[in-house]
Amino acid sequence: MGWFSKQGKVLERDTLEKILKRSNDFKKVSYINEPTNRPFSFWFISTLIDENILQDNVLPYLLEKPFEKIEDVKKLIALADVQISHNPSEIEQKLFHGYALLTLDNDSDHFVFLAAQKELVRSISPPEVEFSVIGPKEAFVESINQNVNLIRKRLPVKELIVEELTIGSLSKTKVAILYLEGIVDPANVNTVMERLKNIKFDAITDSSYVVQLISDNKNSPFPQLLDTERPDRVTAILAEGKIAIFVDGSPHALITPTTLVEFFSSFEDYFLNWMLSSFFRLIRLFAVAFSILVTPVYVAALSYHYELIPTDLMNTLVTSRRDIPLPPILEALFLELTIELLREAGARLPTKVGQTIGIVGGIVIGTASVEAGLTSNVLLIIVALAALASFTTPVYKMGNAIRLLRFPFLFFAELWGLLGIVLCFCFLMTHLLRLTSLNRPFLEPLYPPRMTDLKDSLIRLPFSKQSLRPQTLRTKKPVRYPHNKKGDIDE
């Protein structure tokens with residue numbers, strides 16, 4: 001007798017065993033039940049299961065206690081996840097997801113799947129990308145079950161729904177979608193589920209793949225899903241009515257829908273006084289604008305608008321550029337590309353070596369380029385400040401987009417001066433105005449203007465003033481907590 005596949009072809013046990021035995025980690029072990037003298041076999045992938053589970057919780061019962069048919073096996077085994085099946089198409093999927101297959105030699109129509117997955121999970125460590133001095137020191141790990149556990153501990157309510165699906169024709173990656181039922185807009189959940197189900201890709205190895213595959217505009221340099229490694233941040237956005245996506249094997253969660261201002265908000269802002277957090281948030285926004293515009297303004301001023309420079313400052317610039325053979329644009333590009341090379345070298349090398357390369361390389365190359373007469377010391381200071389300002393962006397992927405934006409502004413500044421900078425800024429704003437995240441405006445609450453949502457955008461008002469959830473999310477429960485006319489929280 002044989003096992004039948006979906007195509008109707010007979011898949012004999014010997015044939016399956018022959019195929020799987022090409023891999024050294026495939027095992028088939030046969031035993032005999034002593035009371036009934038009935039033979040049975042285990043089939044499993046040794047690198048995916050914990051063999052101690054079979055030795056301690058399964059094998060002693062099957063060897064010593066009598067059973068007549070396969071249904072009796074489920075009553076004997078001390079495991080929570082034991083599945084009896086007669087569908088051969090499930091065998092491959094179950095074996096490669098950490099299940100052991102139990103078969104009886106005299107019954108080829110039924111078999112048992114035993115959950116014996118080997119969990120290799122690293123310990124929870126402090127956040128590395130979104131590190132904060134104040135607040136929890138827990139970060140997500142690569143195990144999706146462990147990550148959901150971190151959220152369940154912070155939201156122990158029945159309204160927290162976890163939906164799972166599998167994507168990737170080869171990787172069979174497990175994805176979990178988390179949201180709070182009764183708060184989240186069901187349309188957002190349906191959109192996320194639809195996009196994930198429509199993914200046509202062979203191997204999904206990280207959440208970054210999902211970001212690129214389900215974003216509204218796949219050709220935009222701006223990330224339209226916010227990724228975070230902090231469980232406390234995910235908990236907060238779930239309470240707002242947003243959706244979190246976890247990908248097995250990735251230590252980052254994806255948040256959707258999101259807005260541009262969220263990428264410049266550190267979650268540490270919520271652990272500080274509202275005046276301090278608002279001040280730091282404004283500093284970050286200023287730093288981003290400074291990082292993008294300062295070098296193009298330098299090129300435009302020296303190429304077209306030198307009459308706008310004060311006389312005292314002009315004397316300094318002339319003195320610093322007296323022996324420089326390069327035009328301002330080439331001088332600026334040389335330093336900008338040097339900074340990018342140092343960043344990449346520092347990021348790709350081991351931590352201690354990378355830090356040394358960044359510091360020593362910056363000092364040596366900067367000093368040498370000034371002494372060699374390739375760049376002016378004024379531009380060297382400006383580029384260094386611009387690079388330092390770009391590091392204030394809390395979200396790494398948005399920081400990469402900011403690094404890229406400087407170069408179009410530089411070229412426009414060389415072509416048309418300040419007019420070119422304004423023109424490039426108009427192109428940028430047009431793109432941002434048309435950009436959406438899960439069909440929601442990316443610039444909200446700035447455009448379209450939402451006055452009630454401005455309380456947590458460019459600045460952060462006190463919690464007593466944030467009693468409503470963001471309007472753009474269209475949540476079922478707009479009110480987070482009751483408050484009186486003064487804005488204070490009611491007891």
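So, here's what we can say about the structure. (Residues numbered from 1 in each chain as written. Predicted model: local features only at pLDDT ≥ 70, side-chain atom pairs only at ≥ 80, totals over all residues. Heavy atoms only, no water.)

## Some remarks on the overall build of the chain
So, step 1. Secondary structure summary: the chain contains 15 helices and 14 strands in total.
So, step 2. On C-alpha atoms alone, the chain measures out to a radius of gyration of 30 Å, which is more than a quarter above the 23 Å that the 2.2 N^0.38 rule sets for 491 residues.
So, step 3. Judged by the C-alpha coordinates and their principal axes, the chain covers about 105 × 65 × 40 Å.
So, step 4. Put simply, the chain has 491 residues, and 46% of those count as buried.
So, step 5. In the chain, the proportion of contacts linking residues at least 24 apart, taken out of those at least 6 apart, comes to 62%.
So, step 6. With the model as given, the accessible surface of the chain reaches about 25,500 Å², and the carbon-plus-sulfur share is 60%.
So, step 7. Of the side-chain charges in the chain, 53 are positive and 55 negative, and the distance between the mean point of each set is 4 Å. (Helix = DSSP H or I, 4+ residues; strand = E, 2+ residues; numbered from the N terminus. Rg over C-alpha atoms; globule rule 2.2 N^0.38 Å. Buried < 20%, exposed > 50% of the residue type's maximum accessible area, 1.4 Å probe, protein only. Contact = heavy atoms within 4.5 Å. Areas by Shrake-Rupley, 256 points an atom, 1.4 Å probe, with all protein chains shown as cover. Lys, Arg positive; Asp, Glu negative; His and termini not counted. Charge placed at Lys NZ, Arg CZ, Asp CG, Glu CD.)

## So, helix α9 (residues 231–240)
So, step 1. Counting buried residues along α9, nine of its ten residues qualify, which places the element largely inside the surrounding structure.
So, step 2. Looking at the buried side of α9, the elements it contacts are α6 (144–154), β8 (160–167), β9 (173–180), β10 (226–228), β11 (243–247) and β12 (253–256).

## Section: the packing of helix α12 (residues 328–348) against helix α14 (residues 377–390)
So, step 1. It is the contact of α12 with α14, at a shortest axis distance of 10 Å, that shows an interaxial angle of 40°. Regarding the angle of α12 to α14, the classification is oblique. By crossing handedness, the relation of α12 to α14 is classed as right-handed. Taking contact as the criterion, the partners of E331, A332, L335, E336, I339 and R343 in α12 are, on α14, L379, L380, V383, A387 and S390.
So, step 2. Looking at the contact of α12 with α14 residue by residue, the class counts come to seven nonpolar, one polar and three charged. (Axes fitted to C-alpha atoms, helices over the stretch in contact; angles between N-to-C directions. Parallel < 35°, antiparallel > 145°, perpendicular 65-115°, else oblique. Left-handed = near helix turned anticlockwise from the far one by under 90°. Nonpolar A, V, L, I, M, F, W, Y, C, P; charged D, E, K, R; others polar.)

## Points about the side chain of S278
So, step 1. Looking at where S278 falls in the secondary structure, it is placed in helix α10 (residues 274–303).
So, step 2. Only 2.9 Å separates the side chain of S278 from the backbone nitrogen of R460, close enough to count as a polar contact.
So, step 3. Contact partners of S278, with chain neighbours within four places excluded, come to L458, I459 and R460. (Polar contact = N/O pair within 3.5 Å; in protein donor to acceptor, adjacent residues only side chain to side chain.)

## Concerning the packing of aromatic side chains
So, step 1. Summed over the entire model, instances satisfying the criterion amount to 14 aromatic pairs.
So, step 2. Seen in terms of ring centroids, F263 and F442 are 6.1 Å apart; in terms of plane orientation they differ by 50°. Their pairing is tilted. Here the residue F263 occupies a position in the loop between β12 and α10, and F442 occupies one in the segment after β14 (440–441), the gap between them amounting to 179 residues. Just as F263 is buried, F442 falls in that class too.
So, step 3. Here the aromatic cluster, defined as three or more aromatic residues joined through ring pairs, consists of Y31, F40 and F42.
So, step 4. Geometry around Y99 places K94 over its ring, the cationic atom sitting 4.6 Å from the centre.
So, step 5. Across the ring face of F463, the terminal group of R460 is positioned such that the distance to the ring centre comes to 4.7 Å. (Phe/Tyr/Trp six-rings, centres within 6.5 Å; stacked < 30°, edge-to-face > 60°. Lys NZ or Arg CZ within 6 Å of the ring centre and 35° of its normal.)

## Focus: the pairing of β8
So, step 1. Relative to β9, β8 runs antiparallel, the two being bridged by eight bridges. Paired with E164 across the bridge in β9 is A176.
So, step 2. Count of turn residues in the β8/β9 antiparallel hairpin: five residues, of which G168 carries a positive phi of about 95°. (Pairing = 2+ DSSP bridges.)

## Topic: the environment of L101
So, step 1. Mapped onto the elements of the fold, L101 is located in strand β6 (residues 99–104).
So, step 2. Classification of L101 as buried rests on a relative accessible area of 0%.
So, step 3. Counting along the chain gives 13 residues from L101 to L114, while the straight-line C-alpha distance between them is 6.4 Å.

## Quick notes on the nonpolar core
So, step 1. Ranked by size, the top nonpolar core spans 41 residues in total, and within it I151, L178, F222, L238, F246 and M398 carry the most contacts.
So, step 2. Mapped onto this core, the elements with two or more residues apiece are α6, β9, α9, β11, β12, α10 and α15 (396–434).
So, step 3. At eleven residues, the largest contribution of residues to this core is made by α15.
So, step 4. Apart from residues lying up to four places away in sequence, F246 is in contact with F140, I144, N147, I151, K174, V175, A176, L178, V234 and A253.
So, step 5. Residues F40, L54, L62 and I70 belong to the second largest nonpolar core, which totals 22 residues. (Core = buried A, V, L, I, M, F, W, Y, C linked by side-chain atoms within 4.5 Å.)

## Here we look at the sheet that holds β11
So, step 1. The sheet built from five strands is open, its strands ordered β8-β9-β11-β12-β10 with antiparallel pairing. Only two strands of the sheet have a single partner each, and these edge strands are β8 and β10. The average undirected angle you get between the axes of adjacent strands in this sheet is 25°.

## What to know about the side chain of R440
So, step 1. Among the structural elements, R440 can be located in strand β14.
So, step 2. Judged by relative accessible area, which is 10%, R440 ranks as buried.
So, step 3. Setting aside chain neighbours within four positions, we find R440 in contact with D185, N188, P257, L435, T472, L473 and R474.

## Comments concerning the pattern of salt bridges
So, step 1. Enumeration over the complete set of coordinates arrives at 19 salt bridges.
So, step 2. The partner of R321 in a salt bridge is E331, with the nearest N and O atoms 2.3 Å apart. One end of the pair, R321, is in the loop between α11 (311–320) and α12; the other, E331, is in helix α12, and ten residues separate them in sequence.
So, step 3. In this structure, the salt-bridge partner of K455 is D453, at a minimum N-O distance of 3.9 Å. Residue K455 shares its accessibility class with D453, and that shared class is buried.
So, step 4. Here the residues in one salt-bridge network are E336, E340, R343, E344, R403 and R406, joined through shared partners. (Salt bridge = Lys/Arg side-chain N within 4 Å of Asp/Glu carboxyl O.)

## So, helix α7 (residues 186–197)
So, step 1. Look at α7: 16 Å from first C-alpha to last across twelve residues, which is about the 16 Å you get at 1.5 Å a residue.
So, step 2. Along α7, the positions that sit buried rather than exposed are N188, V189, V192, M193 and L196. Taken end-on, α7 shows its buried residues confined to a sector of 130°, consistent with a single buried face. Away from its buried face, by an angle of more than 90 degrees, α7 presents the exposed residues N190 and K197.
So, step 3. Contact partners of the buried residues in α7: β8, β9, α8 (207–214), β11, β12 and β14. (Expected span 1.5 Å × (residues − 1). Arc of directions from axis to C-beta.)

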